[in-house]
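Per-entry structural report
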Amino acid sequence: MKYLPSHVTNELLTEAFTQFGIVERAVVIVDDRGKPTGEGIVEFGRKPAANSALTRIANGCFVFGV
């Protein structure tokens, strides 16, 4: 993931993507000071869930709530 808002946490990233399937791991990448870089990694338990997420993101806007 790119362009993540600074308020997104690992937990929020996981919660946002569980609508597509089981999330094995979701991590917001931080710099050496612990500041979010705006990027993250989401790993799904099954390939169809990952494909659904990619399709949704590619075809529109995906918004994170607070």
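Above this text you will find the structure in question.
What comes next is a walk through the structure. None of these values were measured; they are calculated from a predicted model.

Some details on the packing of aromatic side chains
- If you walk through the whole model with that rule in mind, you get two aromatic pairs.
- Geometrically, the ring pair formed by F17 and F20 is tilted, given 5.9 Å between the ring centres and 40° between the ring planes. No difference in accessibility class separates F17 from F20, as the two residues are buried.
- Seen from their ring centres, F17 and F44 are 6.3 Å apart, and the 70° between their planes marks the pair as edge-to-face.

Observations regarding the pattern of salt bridges
- In total, this model carries one salt bridge according to the counting rule given.
- Put simply, R25 and E43 hold a salt bridge, and the shortest N to O gap is 2.8 Å. In this pair, R25 sits in strand β1 (residues 23-30) while E43 sits in strand β2 (residues 36-44), placing the two residues 18 residues apart along the sequence.
- Here R25 falls in the partly exposed class, since its relative accessible area comes to 39%.
- E43 sits in the partly exposed class, given a relative accessible area of 34%.

Digging into the nonpolar core
- L13, F17, F20, V23, V42 and F44 are the most contacted members of the largest nonpolar core, which totals 15 residues.
- Sorting the residues of this core by element identifies α1 (10-17), β1, β2 and α2 (47-58) as the ones contributing at least two each.
- Looking at which element gives the most residues to this core, the answer is α1, with four residues.
- Those residues in contact with V42 that lie beyond four places of it in its chain are M1, L13, F17, V23, R25 and A26.

Details of α1
- Looking at α1, one finds that the buried residues are L12, L13, A16 and F17. Along the axis of α1, the buried positions cluster into a sector of 120°, meaning they face one direction only. Counted as exposed and oriented over 90 degrees from the buried face of α1: E11 and E15.
- Contacts from the buried residues of α1 go to β1, β2 and α2.

About the cut-offs
- Residues numbered from 1 in each chain as written.
- Predicted model: local features only at pLDDT ≥ 70, side-chain atom pairs only at ≥ 80, totals over all residues.
- Heavy atoms only, no water.
- Phe/Tyr/Trp six-rings, centres within 6.5 Å; stacked < 30°, edge-to-face > 60°.
- Buried < 20%, exposed > 50% of the residue type's maximum accessible area, 1.4 Å probe, protein only.
- Salt bridge = Lys/Arg side-chain N within 4 Å of Asp/Glu carboxyl O.
- Helix = DSSP H or I, 4+ residues; strand = E, 2+ residues; numbered from the N terminus.
- Core = buried A, V, L, I, M, F, W, Y, C linked by side-chain atoms within 4.5 Å.
- Contact = heavy atoms within 4.5 Å.
- Arc of directions from axis to C-beta.

It is worth stressing that arrangement in space is one thing and function is another; only the former is reported here.
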